[in-house]
Amino acid sequence: IKLKHAKRIVAGKRPQIPNRIKNSNDPAYAALLNALDMTWKYSWKERPSAGAIANYLIGELRTITGEETPDIRIDFLNEGS
């Protein structure tokens, strides 16, 4: 992370989201942006737990895929092959 970005975050400013993501119609991007918004509450009492965020994202994944138990495994070892 660049120093100027770190300073912005410490000052309470959110990182800039690229327009191609902010303006996308992709429901996965929308879910991630909403999850980010949920975590940026100033008061810790208003912020959801990590578990609540995970449950939200899994629920959105179910909606996007239409699957009750979507595969959420990530295989970094075979990425790009």
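Description of the structure in this document. (Residues numbered from 1 in each chain as written. Predicted model: local features only at pLDDT ≥ 70, side-chain atom pairs only at ≥ 80, totals over all residues. Heavy atoms only, no water.)

1. Some remarks on the overall build of the chain
Heads up, the condition is: Only DSSP runs of H or I with at least four residues qualify as helices, and only runs of E with at least two residues qualify as strands; both kinds are numbered from the N terminus onward. To get the radius of gyration, use the C-alpha atoms; to get the globule rule, take the number of residues to the power 0.38 and multiply by 2.2 Å. Partly exposed describes any residue whose relative accessible area lies between the buried limit of under 20% and the exposed limit of over 50%, with all areas from a 1.4 Å probe on protein chains only and scaled to the type maximum. It only takes one pair of heavy atoms within 4.5 Å for two residues to be counted as in contact. In these tables, accessible area is a Shrake-Rupley quantity obtained with a 1.4 Å probe, and a residue counts as shielded only by the protein chains included in the view. None of His or the chain ends enter the tally, which takes Lys and Arg as positive and Asp and Glu as negative. Here the site of a charge means NZ on Lys, CZ on Arg, CG on Asp, or CD on Glu.
Regarding its fold elements, the chain presents four helices and zero strands. Mapped from its N terminus to its C terminus, the chain presents α and β elements in the order α-α-α-α. Taking 81 residues into account, the globule formula puts the C-alpha radius of gyration at 12 Å, and the chain, at 15 Å, lies well above it. Seen through its C-alpha atoms, the chain measures out along the principal axes to roughly 40 × 35 × 25 Å. Taken over 81 residues, the chain has a buried fraction of 9%. Considering only residue pairs separated by 6 or more positions, the chain has 27% of its internal contacts joining residues 24 or more positions apart. On the chain, roughly 7,100 Å² of surface is accessible, and the fraction owed to carbon and sulfur atoms is 55%. On the chain, the mean spot of the 13 positive side-chain charges and the mean spot of the 9 negative ones are 17 Å from each other.

2. As for the layout of surface pockets
To find leftover empty space, a probe the size of one water molecule is rolled over the atoms. For clarity, the cut-off: The way it works is a 1 Å grid over only the protein atoms, where trapped points that fit a 1.4 Å probe form a cavity and open points with protein on both sides within 12 Å along at least five of seven lines form a pocket, and then any residue with an atom within 4 Å of a point lines it. Grid points are joined across faces, edges and corners, and a volume is the space filled by probe spheres set on the points. Here the nonpolar group is Ala, Val, Leu, Ile, Met, Phe, Trp, Tyr, Cys and Pro; Asp, Glu, Lys and Arg are the charged ones; every other residue, Gly included, is treated as polar.
Considered as a void within the structure, the largest pocket measures approximately 150 Å³ in volume. As for the largest pocket, its lining consists of Arg14, Pro15, Ile17, Leu33, Leu36, Asp37 and Trp40. When grouped by side-chain class, the residues that make up the lining of the largest pocket number five nonpolar, no polar and two charged.

3. Describing the packing of helix 3 (residues 27-39) against helix 4 (residues 50-65)
Basically, it comes down to this: Orientation is described by axes fitted as lines to C-alpha atoms, over the contacting stretch for helices, and by angles from 0 to 180 degrees between their N-to-C directions. Reported orientations rely on four angle classes, namely roughly parallel under 35 degrees, roughly antiparallel over 145, roughly perpendicular from 65 to 115, and oblique for the rest. Here a crossing is called left-handed whenever its near helix is offset anticlockwise from the far helix by less than a right angle, and right-handed whenever the offset is clockwise.
Two numbers describe how helix 3 lies on helix 4: the axes approach to 10 Å, and their chain directions differ by 165°. Comparing their axes, helix 4 and helix 3 come out roughly antiparallel. Two packed elements cross with a definite hand, and for helix 3 against helix 4 that hand is right-handed. Taking contact as the criterion, the partners of Pro27, Ala28, Ala31, Leu32, Asn34, Ala35, Met38 and Thr39 in helix 3 are, on helix 4, Ile53, Tyr56, Leu57, Glu60 and Ile64. Looking at side-chain class alone, the contact of helix 3 with helix 4 contains ten nonpolar, two polar and one charged residues.

Honestly, that's just the spatial picture; any functional story needs more than this.
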